[in-house]
Amino acid sequence: MNVTTMKKGVMLVLLCLVPGLTKTFAQSDPRQVRKENFKGVIELDVRDSKADWDPYTLKSAPEGAPNVLFVLFDDTGQAAWSPYGGAINMPTLQKLADNGLIYSQWHTTALCSPTRSTLLTGRNHHLTGNAAITETANGFPGAHGRIPKQCATIGQILQSNGWSTFWIGKDHNVPEQDVASGASRTQWPTQLGFDRYYGFLGGETNQWYPDLVEDNHFTEQPYGPEDGYHLSKDLADKAIQYIQDQKATNPSKPWYMWFCPGANHAPHHAPQEFIDKYKGKFDEGYDAYRNWVVPRMIAKGIIPKDTKLTDFNPLPPNISNPADYVRPWKDLNADERKLFAKLAEVYAGFSEYTDFF
């Protein structure tokens, strides 16, 4: 989903690239004080000296600078959601789409860690060292899994220019060996330009019993699912808390929030009432869904009018494994159809539940 809208002083961005402005970041360090930029007077007697706070004062954001909420969903194609013509009802995002802009073209890296590294820095994922997910990092240039210092993050740039910065939810840019209490934290969010962090560092986590981190330490979930806990709700509550804390103490300072829910990555966990909304909606199968959604996407201007459906398995056998081919729905037996329809219902319920919060 790629939507940008601005309302009530809040700019909201969904899945769009951020430019890397390393020059601004590098020149903003208030500790770099030299004779030529210190305008005070230093004498033997402090009474004859004059302080100059300008080099030591943190930069303020420009007057009228917006708050920015950047929401990143995992593993979601355009054809899934209602703003693009899909069958999953996303009323919150639909309101944003109706009042903002929808983009239909972008470059995708197709995996979690590379995607986040490019969105965070505005740089190619090989330059950020994230050629693949952190779990498959290796000792080659472009694939080592550590964002280098020359690739400043949007958090570092905005933090050094007067914004409060928050990262909520999934990370998946911390090297595997650093996901431990006694490990290096150089790649954790609070070391990459974010004032506060609350979420999970790995690629996925249980949505009922998540592996949680707050700032620089592991923490326990505040209550259990028997009392209504779900990670999507918890992340939304924490995001609101962080903004409330900031506005209570520094209301004139704008904020940037990088909000990454666990949806729609596996495991697909959602309250039963949201899953039940989609009961029977996918019983006709994925073949029928593709044929249903393409005209709707054309009507919304998401894809060209002459768009034709590709084959399920476009790669020839000599460069693919036929055992991995998608089977036509008509070739599945009754149990297989029931299973795949149920999986789609849970996926849709998980997505809508997250949109709800």
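Further up the page is the structure itself.
Nothing here was measured: the structure is a model prediction, and the numbers come from that model.

A.B. asks: For this particular structure, what's the right way to read the overall build of the protein?
C.D. replies: On a plain count of helices and strands, the protein comes out with 8 helices and 9 strands. Across the 357 residues of the protein, 44% fall into the buried class. As displayed, the protein offers around 19,300 Å² of accessible surface, 56% of which is attributable to carbon and sulfur atoms.

A.B. asks: Is there a simple way to think about the side chain of S82 in this case?
C.D. replies: As for its placement among the helices and strands, S82 is situated in the loop between β3 (67–71) and α2 (91–98). Of note is the side chain of S82, whose polar atom sits 3.1 Å from the backbone nitrogen of M90. Excluding residues that lie within four positions of it along the chain, S82 makes contacts with I88, N89, M90, Q94 and K300.

A.B. asks: Honestly, the packing of aromatic side chains in this entry has me stumped. Any pointers?
C.D. replies: Any aromatic ring pair is given by two values, namely how distant the centres are and how the planes are angled relative to each other. According to the stated counting rule, one finds 18 aromatic pairs in the structure shown. When the centroid spacing of 5.0 Å and the interplanar angle of 70° are considered together, the rings of Y353 and F357 count as edge-to-face. Judged by its relative accessible area of 6%, Y353 falls in the buried class. Residue class for F357 comes out partly exposed when judged on its relative accessible area of 36%.

A.B. asks: Any chance you could explain the side chain of Q221 here in plain terms?
C.D. replies: Checked against the element boundaries, Q221 lands in the loop between β8 (217–219) and α5 (231–249). From its side chain, Q221 meets the backbone oxygen of W208 in a polar contact 3.0 Å long. There is a polar contact of 2.9 Å between the side chain of Q221 and the backbone oxygen of Y223. Once you skip the residues sitting within four places of it in the chain, Q221 turns out to touch W208, Y209, P210, L212 and Y229.

A.B. asks: Just to check I follow, could you spell out the pairing of strand β9 (residues 255–260) for this structure?
C.D. replies: Regular strands place their side chains on alternate faces of the sheet. Across the 6 residues that make up β9, a large majority, 6, are buried. Of the two faces of β9, the one lined by W255, M257 and F259 and the one lined by Y256, W258 and C260 are each fully buried. The pairing of β3 with β9 spans 4 bridges and is classified as parallel. Counterpart to V68 in the pairing with β9 is Y256. Relative to β9, strand β5 (residues 164–170) is paired through 6 bridges, and the arrangement is parallel. Paired with G169 across the strands is C260, a residue of β9.

A.B. asks: Can you walk me through the pairing of β3 in this structure?
C.D. replies: Within β3, 5 of the 5 residues are buried, leaving the element largely enclosed by the surrounding structure. Of the two faces of β3, both are covered, the one formed by N67, L69 and V71 as well as the one formed by V68 and F70.

Procedures and definitions
Residues numbered from 1 in each chain as written. Predicted model: local features only at pLDDT ≥ 70, side-chain atom pairs only at ≥ 80, totals over all residues. Heavy atoms only, no water. Helix = DSSP H or I, 4+ residues; strand = E, 2+ residues; numbered from the N terminus. Buried < 20%, exposed > 50% of the residue type's maximum accessible area, 1.4 Å probe, protein only. Areas by Shrake-Rupley, 256 points an atom, 1.4 Å probe, with all protein chains shown as cover. Polar contact = N/O pair within 3.5 Å; in protein donor to acceptor, adjacent residues only side chain to side chain. Contact = heavy atoms within 4.5 Å. Phe/Tyr/Trp six-rings, centres within 6.5 Å; stacked < 30°, edge-to-face > 60°. Pairing = 2+ DSSP bridges.

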